[in-house]
Amino acid sequence: MFYDLADNLKECSAQPEGDYFAIIPIEDSQKFHVLDRYSRQIPTLFMNARFSKIEIFSDYIYGSLNIPDILLGDNTGFSFIYTSRHLIFIDKDNFIRQCFDKIRSTHKDNLNSPGAILYYIMDYLVYNDLEKISTIQQKLSYLEQEILTGKNRTPNIEIINYRNRTMKLFHYYIQLAGTCGNITDNTRKLFPEEIQRLFSVLEKKVNLLSQEAQQIWEYTSQIRDIYQQQLDVHQNSIMKFLTIVTTIFMPLTLLTGWYGMNFSYLPGLQWHYGHLALFIFSIIIVLVLCIIFKKKKWW
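## Side note on the pattern of salt bridges
Across all of its chains, the model carries 5 salt bridges by this definition. Salt-bridge contacts for Lys-53 lead to Glu-55; the nearest nitrogen and oxygen are separated by 3.0 Å. Accessibility expressed as a relative area gives 22% for Lys-53, which makes it partly exposed. One salt bridge connects Asp-69 with Arg-165, and the closest N-O pair in it is separated by 3.8 Å. On the criterion of sequence distance, the pair formed by Asp-69 in helix α2 (residues 69–72) and Arg-165 in helix α6 (residues 156–185) is long-range, its members being 96 residues apart. Taking the relative accessible area as the measure of exposure, Asp-69 reaches 23% and is therefore partly exposed.

Below, the structure is given as structure tokens:
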């Protein structure tokens, strides 16, 4: 779908003669001849974006963004081609269409140039990301409490999942900040000064988000360390219990080994109450050791 910038974003089925903005679904992108020129220079033009990048050519800019699933629930992305006269989005999953419908209702008066549309689209991508990051932090905090209270004894899969996804989130913001920085530098003079200033503000916002994402990733490392500490404490308690049991039964093992020796004469061997006396003596040993361990707070 094409939109005529000279005619108040009027929708057109064919390419307008003047400045325009276009949203082309990725599955239909090879049908549009307007992309023939760029497809020869950009081999990945019709491929799904796996990471975010920007390439600056002599008279146009090619960019691709891959938004991680931790923000939207599913991986999505898009590519764009920008010149001073037009802006073309190669859309995946109808994502840009939905974004444009939302910003069109609130910023219609400002969507008067390809650079302005590109800015408001990219600004919309991060407008509520701080809230999403805060939600992720709350989930991680809840996971930490479950680990400390023992409610979740096998959180290792969750921790690994969060570490991988938050690392992708951090890389996404770093790449997005680099994209905004390249546009701000405007080495080919393709953007007006007012658009440069807008992207400069957006770059600062994205840098702040990248710092927040880095803190979340570091928080997952802390949670992993806490989980490892809880495992160590649990293992130490098991070893402590086994050590106490071994210590209690060690004297009894000595007695049974002693009276199990093949001798004809041993103290109390011929005594009628010898077995009962040995049994009572063993109980006394166990009780004495239990009292000692209790006083020393070993259990």
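Having seen the model, we can carry on.
## A closer look at the sheet that holds strand β3 (residues 20–25)
In space, the 7 strands of this open sheet follow the order β2-β1-β3-β7-β6-β5-β4, with mixed pairing throughout. Looking at strand neighbours, the two that pair on one side only are β2 (10–12) and β4 (53–56), the edges of this open sheet. Across the sheet, the axes of successive neighbouring strands diverge by a mean angle of 15 degrees, strand direction being ignored. The pairing of strand β6 (residues 76–82) with strand β7 (residues 86–91) spans 5 bridges and is classified as antiparallel. If you follow Phe-80 over to β7, its bridge partner there is Phe-89. The strands touched by α6 within the sheet are β4 and β5 (61–67), with β4 carrying the most contacts at an inclination of about 25 degrees.

## A closer look at empty space enclosed by the protein
The method is simple in principle: a probe with the dimensions of a water molecule rolls over the atoms, and the space it marks as empty is what remains. Counting across every chain of the model gives 2 cavities of 30 Å³ or more. Roughly 50 Å³ of internal volume is contained in the largest cavity. Forming the walls of the largest cavity are Ile-26, Leu-45, Met-47, Asn-48, Ala-49, Gly-77, Phe-78, Ser-79, Ile-90, Asp-91 and Lys-92. Broken down by secondary-structure element, the contributors of at least two residues to the lining of the largest cavity are β6 and β7. Looking at which element gives the most residues to the lining of the largest cavity, the answer is β6, with 3 residues. Counted by class, the lining of the largest cavity contains 6 nonpolar, 3 polar and 2 charged residues.

## What to know about the packing of aromatic side chains
This model, assessed by the stated rule, comprises 14 aromatic pairs. With a centroid separation of 5.0 Å and an interplanar angle of 70 degrees, the aromatic rings of Tyr-119 and Tyr-120 are classed as edge-to-face. Overall, Tyr-120 belongs to the buried group, its relative accessible area being 13%. By way of ring pairs, the aromatic residues Phe-21, Phe-78, Phe-80, Phe-89, Phe-95 and Phe-100 are connected into one cluster.

Reading the values: rules and limits
Residues numbered from 1 in each chain as written. Predicted model: local features only at pLDDT ≥ 70, side-chain atom pairs only at ≥ 80, totals over all residues. Heavy atoms only, no water. Salt bridge = Lys/Arg side-chain N within 4 Å of Asp/Glu carboxyl O. Buried < 20%, exposed > 50% of the residue type's maximum accessible area, 1.4 Å probe, protein only. Helix = DSSP H or I, 4+ residues; strand = E, 2+ residues; numbered from the N terminus. Pairing = 2+ DSSP bridges. Axes fitted to C-alpha atoms, helices over the stretch in contact; angles between N-to-C directions. Contact = heavy atoms within 4.5 Å. 1 Å grid on protein atoms, 1.4 Å probe; cavity = no way out; pocket = protein on both sides within 12 Å on 5 of 7 lines; lining within 4 Å. Points joined across faces, edges and corners; volume = space filled by probe spheres on them. Nonpolar A, V, L, I, M, F, W, Y, C, P; charged D, E, K, R; others polar. Phe/Tyr/Trp six-rings, centres within 6.5 Å; stacked < 30°, edge-to-face > 60°.

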